[in-house]
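Overview (structure and organization)
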Amino acid sequence: GAVVSQHPSRVICKSGTSVKIECRSLDFQATTMFWYRQFPKKSLMLMATSNEGSKATYEQGVEKDKFLINHASLTLSTLTVTSAHPEDSSFYICSASRRDRGFTEAFFGQGTRLTVV
Amino acid sequence: GNSVTQMEGPVTLSEEAFLTINCTYTATGYPSLFWYVQYPGEGLQLLLKATKADDKGSNKGFEATYRKETTSFHLEKGSVQVSDSAVYFCALLNNAGNMLTFGGGTRLMVKP
């Protein structure tokens, strides 16, 4: 099946620094990429949806200037957490959708556990 | 807009018990439906999918049938194992592939 690679899987950073998370669709061109945040023992919270070459659409309550999303190509999207603070510590998951043979599928990266100290 | 509702957990079962996790949805058009599983500390893995009405997705003993008349995609397994303990998410992807909607997740705990 299709593979979505997310990197890094874990990162620890100091408060005030920025962290970039990459999401790549390895063997297909993604129609759309999604970024989610998951709090402990909670469901996934959609942060933003992005299409290649266009600006991301952010969900209400998500700070655009803090969570920068760049969708540079059909196979790569990046999420940069700028000026990270301890409350940004969370599990971030990306997903890529593919439309093929008349139906769509969504594939997930492995997730990135961010800890801000 | 689209929405997915699944039963709240946690669901606690004994090993070899029958499992049902209900999932219903509202959507326009002809979405694809998915069940994802998340084991502790890990990302999401696709468990099974169905892309059109009456399709049955199956994997690792789990099954779910896309029922358009009842807008449901209930997950079932005849005999659960301790290793099935995880959080299960029902999800819907619209036909255009640009809107992915999740249910709240159901935690399953299987006791030996």
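Structure first, text after, so check above.
Here the structure is a predicted model, which is why all the values come from computation and not from measurement.

1. Some remarks on the layout of surface pockets
The volume enclosed by the largest pocket comes to roughly 440 Å³. In terms of lining residues, the largest pocket is bounded by 22 residues, among which Gln38, Lys41 and Lys42 of chain A together with Val87 and Arg107 of chain B are the most central. Of all the secondary-structure elements, those providing two or more residues to the lining of the largest pocket are β10 (86–93) and β12 (106–111) of chain B. Top contributing element to the lining of the largest pocket by residue count: β10 of chain B, with three residues. In terms of residue class, the lining of the largest pocket is built from nine nonpolar, eight polar and five charged.

2. Focus: the environment of threonine 26 of chain B
Residues and elements named next belong to chain B. Relative to the elements of secondary structure, threonine 26 occurs in strand β4 (residues 23–26). In this view, threonine 26 contacts Gly1, Asn2, Ser3 and Leu92; residues no more than four positions away in its chain are not counted. In terms of polar contacts, threonine 26 uses its side chain to reach the side chain of serine 3, at 2.5 Å.

3. Points about the packing of aromatic side chains
Working definition: an aromatic ring pair is given by the centre-to-centre distance plus the angle between the planes. One pass over the structure, following the stated rule, counts twelve aromatic pairs over all chains. Between phenylalanine 34 of chain A and tyrosine 36 of chain A the ring centres are 6.4 Å apart and the planes differ by 35 degrees, which places this aromatic pair in the tilted class. Classification of tyrosine 36 of chain A by relative accessible area gives buried; the value is 1%. Aromatic rings pair up to connect Phe34, Tyr36 and Phe108 of chain A together with Phe34, Tyr36, Phe89 and Phe102 of chain B into one cluster. Positioned above the aromatic ring of phenylalanine 28 of chain A is the side chain of arginine 98 of chain A, whose terminal nitrogen or guanidinium carbon lies 5.4 Å from the ring centre.

4. Topic: the state of the cysteines
Two cysteines form a disulfide when their sulfur atoms are joined by a covalent bond. All names here are of chain B. For the structure on display, the rule yields two disulfides over all chains. Sulfur-sulfur distance for the disulfide between cysteine 23 and cysteine 90 comes to 1.9 Å. Disulfide cysteine 23-cysteine 90: the torsion about the S-S bond is -70 degrees, which places it as left-handed. One end of the pair, cysteine 23, is in strand β4; the other, cysteine 90, is in strand β10, with 67 residues separating them in the sequence. With relative accessibility at 1%, the residue cysteine 23 sits in the buried group.

5. Looking at the sheet that holds strand β1 (residues 4–7) of chain A
Sheet strands line up and pair through hydrogen bonds in the backbone, either parallel or antiparallel. Residues and elements named next belong to chain A. Reading across the sheet, the four strands line up as β1-β3-β8-β7 and stay open at both edges, with antiparallel pairing between neighbours. The sheet is open, and its two edges are formed by β1 and β7 (67–73), each paired on a single side. Neighbour-to-neighbour, the strand axes of this sheet turn through a mean angle of 15 degrees, independent of strand direction. Inspection of the sheet shows β7 paired to strand β8 (residues 76–81) by five bridges, in the antiparallel sense. Bridge pairing links phenylalanine 67 to valine 81 in β8.

6. Regarding the interface of chain B and chain A
On the side of chain A, 25 residues touch chain B, which itself brings 24 residues to the contact. Here chain B packs against chain A, burying approximately 1700 Å² in sum over the two surfaces, 55% of which is carbon and sulfur. Its largest share of buried area at the contact with chain A, chain B owes to Leu44, Asn95 and Leu100 of chain B, together 26% of the area lost on that side. Where chain B meets chain A, there are zero salt bridges. Viewed at the interface, chain A and chain B are joined by three residue pairs in polar contact (both at pLDDT 80 or more). The set of elements that each furnish at least two residues to the side of chain B that touches chain A consists of β5 (32–38), β6 (44–50), β10 and β11 (100–102) of chain B. Ranked by the residues each element gives to the side of chain B that touches chain A, the list is headed by β5 of chain B, at four residues. When its residues are assigned to classes, the side of chain B that touches chain A shows nine nonpolar, twelve polar and three charged.

Reading the values: the criteria
- Residues numbered from 1 in each chain as written.
- Chains lettered and ligands numbered in written order.
- Predicted model: local features only at pLDDT ≥ 70, side-chain atom pairs only at ≥ 80, totals over all residues.
- Heavy atoms only, no water.
- 1 Å grid on protein atoms, 1.4 Å probe; cavity = no way out; pocket = protein on both sides within 12 Å on 5 of 7 lines; lining within 4 Å.
- Points joined across faces, edges and corners; volume = space filled by probe spheres on them.
- Helix = DSSP H or I, 4+ residues; strand = E, 2+ residues; numbered from the N terminus.
- Nonpolar A, V, L, I, M, F, W, Y, C, P; charged D, E, K, R; others polar.
- Contact = heavy atoms within 4.5 Å.
- Polar contact = N/O pair within 3.5 Å; in protein donor to acceptor, adjacent residues only side chain to side chain.
- Phe/Tyr/Trp six-rings, centres within 6.5 Å; stacked < 30°, edge-to-face > 60°.
- Buried < 20%, exposed > 50% of the residue type's maximum accessible area, 1.4 Å probe, protein only.
- Lys NZ or Arg CZ within 6 Å of the ring centre and 35° of its normal.
- Disulfide = S-S within 2.5 Å.
- Pairing = 2+ DSSP bridges.
- Axes fitted to C-alpha atoms, helices over the stretch in contact; angles between N-to-C directions.
- Buried area = accessible area lost by both parts, 1.4 Å probe.
- Salt bridge = Lys/Arg side-chain N within 4 Å of Asp/Glu carboxyl O.

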